[in-house]
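Now for the letters of each chain:
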Amino acid sequence: MAPKRTRASTRAAKSYDTASNSDDNSDEVVVRKPVRGKRTAPASDRSETKAKTEPPSRPLYSHWLMKSEPESRVENGIDVKFGIEDLKALPNQSGCWDGVRNYQARNFMRDMKEGHLAFFYHSNCKEPGIAGVMEIVKEAYVDHTQFDKKDVHFDASSKPDNPKWSMVDVQYQRMLQRFIPLSELKKYHLQHSAKGGPLKNMALFTRARLSVQPLTSEEFDFVLDLENKESI
DNA sequence: GCCAACGTTGGC
DNA sequence: GCCAACGTTGGC
């Protein structure tokens, strides 16, 4: 039960949303229950302590875009391929989105709630773009791969008593009726930048390298609508 | 806490 | 395979 995902690695902190790093972790250190969300942790304290010290000051999103590589590529002797078909093929069509090693991306995952929808984006491949939709089925918890020396995303600087990296569980929902290529999204983005429109600030273009990014509902809806339209 | 060097992402 | 953009590192 553990899909990989994109690379994204690098470690150690500093920079704006890095702040949430060390302290935020305690949030996830929770025991780790078997499966499925449920967030009223018996360790009732955490939400409070957390909430006081660090109210989520950034905007709340409920739609996401998550990148992964659908084509084989060997990194440290390990194939990082994980496309939407691979997610679909897992038991329950779901798995954990591990391997995220970027603080902004991690923090966005920590903002995710059960039931949120995310686009599965194929990156670093022949035809980059959005392939389908998945649902967040378990909120952020400790990414175990950071402690696994054999894992591509092993992070020697992260200690079990204060883990740096989190992951969520996602479940395949459906393919889009047609694949929406990056090139098409870019056309809309440019158009909307010039004349106004929902994709003018889309993170895919304004924060291109982020592997987990938020979408406004307007962005999400607009992109979803494209599946029923002719490509441009 | 600045910032240059370095490493990674990911489209092309 | 190139390389621009940009996040991270670490010396000072």
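The rules behind these values
Residue numbers run consecutively from 1 along every chain, following the written order of its sequence. Whichever chain is written first is A, and whichever ligand is written first is 1; the rest continue in order. In view of the model being predicted, local features appear only for residues whose pLDDT reaches at least 70, and side-chain atom pairs are presented and counted only at 80 or more, with totals across whole chains, interfaces and linings using the full set of residues. The basis for the side-chain values is all heavy atoms of the structure; hydrogens and waters are excluded. Throughout, exposure labels follow a simple rule: accessible area from a 1.4 Å probe, protein chains only, divided by the maximum for the residue type, with under 20% read as buried, over 50% as exposed, and the rest as partly exposed. Helix and strand assignments come from DSSP, with helices taken as H or I runs of at least 4 residues and strands as E runs of at least 2, each series counted from the N terminus. The arc in question is traced by the directions running from the helix axis to the C-beta atoms. By definition here, a salt bridge exists when the distance from a side-chain nitrogen of Lys or Arg to a carboxyl oxygen of Asp or Glu is within 4 Å. In short, DSSP must find at least two bridges between two strands for them to pair. Two rings from Phe, Tyr or Trp (for Trp, the six-membered ring) form a pair when their centres are within 6.5 Å of each other. A pair whose planes differ by under 30 degrees is stacked, one over 60 is edge-to-face, and the rest are tilted. The pLDDT value tells you how sure the predictor is about a given residue, anywhere from 0 up to 100. Contact definition: two residues touch when any of their heavy atoms are within 4.5 Å. Only buried residues count toward a nonpolar core, which is a set of Ala, Val, Leu, Ile, Met, Phe, Trp, Tyr and Cys residues joined through side-chain atoms within 4.5 Å. Here a polar contact is taken to be a pair of N or O atoms separated by no more than 3.5 Å, where protein atoms must pair a possible hydrogen donor with a possible acceptor and residues adjacent in sequence count only if both atoms sit in side chains.

For an α-helix, the turn length of 3.6 residues means that residues three or four places apart are oriented alike. Residues of helix α7 (residues 217-226) that are buried include every one of Glu 219, Phe 220, Phe 222, Val 223 and Leu 226, and no others. The arc that holds every buried residue of α7, seen down its axis, measures 165 degrees, which confines them to one face.

Evaluation of the coordinates by the stated rule reveals six salt bridges. Between Glu 69 and Arg 73 there is a salt bridge; the shortest N-O distance is 2.8 Å. Glu 69 gets classed as buried once you look at its relative accessible area, which sits at 2%. One salt bridge connects Arg 174 with Glu 227, and the closest N-O pair in it is separated by 2.7 Å. Remark: Glu 227 occurs in the segment after α7 and Arg 174 occurs in strand β7 (residues 166-181); sequence separation between them is 53 residues. Given a relative accessible area of 29%, Arg 174 falls into the partly exposed group. Counted as one network, the salt bridges with shared partners bring together Glu 69, Arg 73 and Glu 75.

Another point: the pairing of strand β1 (residues 63-68). Among the six residues that make up β1, six are buried, leaving the element largely enclosed by the rest of the structure. Every second residue of β1 is oriented toward a common face, with His 63, Leu 65 and Lys 67 on one face and Trp 64, Met 66 and Ser 68 on the other, all of them buried. Judged from the six bridges that link them, β1 and strand β5 (residues 117-122) form a sheet pairing that is parallel. Looking at the pairing, His 63 lines up with Leu 117 of β5.

Within a pair of aromatic rings, the relevant descriptors are the distance that separates the centres and the angle that separates the planes. Going through the model one piece at a time under the given rule, you end up with nine aromatic pairs. Relative to Phe 120, the ring of Trp 97 has its centre 5.3 Å away and its plane inclined at 75 degrees; by these criteria the two rings are edge-to-face. One end of the pair, Trp 97, is in the loop between β4 (94-96) and α4 (103-111); the other, Phe 120, is in strand β5, and 23 residues separate them in sequence. For the pair Tyr 103 and Trp 165, a centre-to-centre distance of 4.6 Å together with 35 degrees between the ring planes defines the contact as tilted.

Mean pLDDT over chain A stands at 82; residues scoring 70 or higher make up 75%. Overall, residues 1-53 carries pLDDT values under 50, and its contacts beyond four positions in sequence, including any with other chains, amount to 112 contacts.

Next up on the list: the nonpolar core. Counting 22 residues, the largest nonpolar core has Met 66, Trp 97, Val 168 and Val 212 as the members making the most contacts within it. Per-element accounting of this core gives the leading share, four residues, to strand β6 (residues 129-142). Phe 119, Leu 199, Leu 215 and Phe 220 belong to the second largest nonpolar core, which has 19 residues in total.

Along the chain, the position of Asp 143 falls in the loop between β6 and β7. On the basis of relative accessible area, Asp 143 is assigned to the buried category, the value being 0%. In this structure the side chain of Asp 143 is engaged in a polar contact, spanning 2.9 Å, whose partner is the side chain of Arg 101. For Asp 143, the residues in contact, after removing those within four places along its chain, are Asp 98, Gly 99, Val 100, Arg 101, Trp 165, Ser 166 and Met 167.

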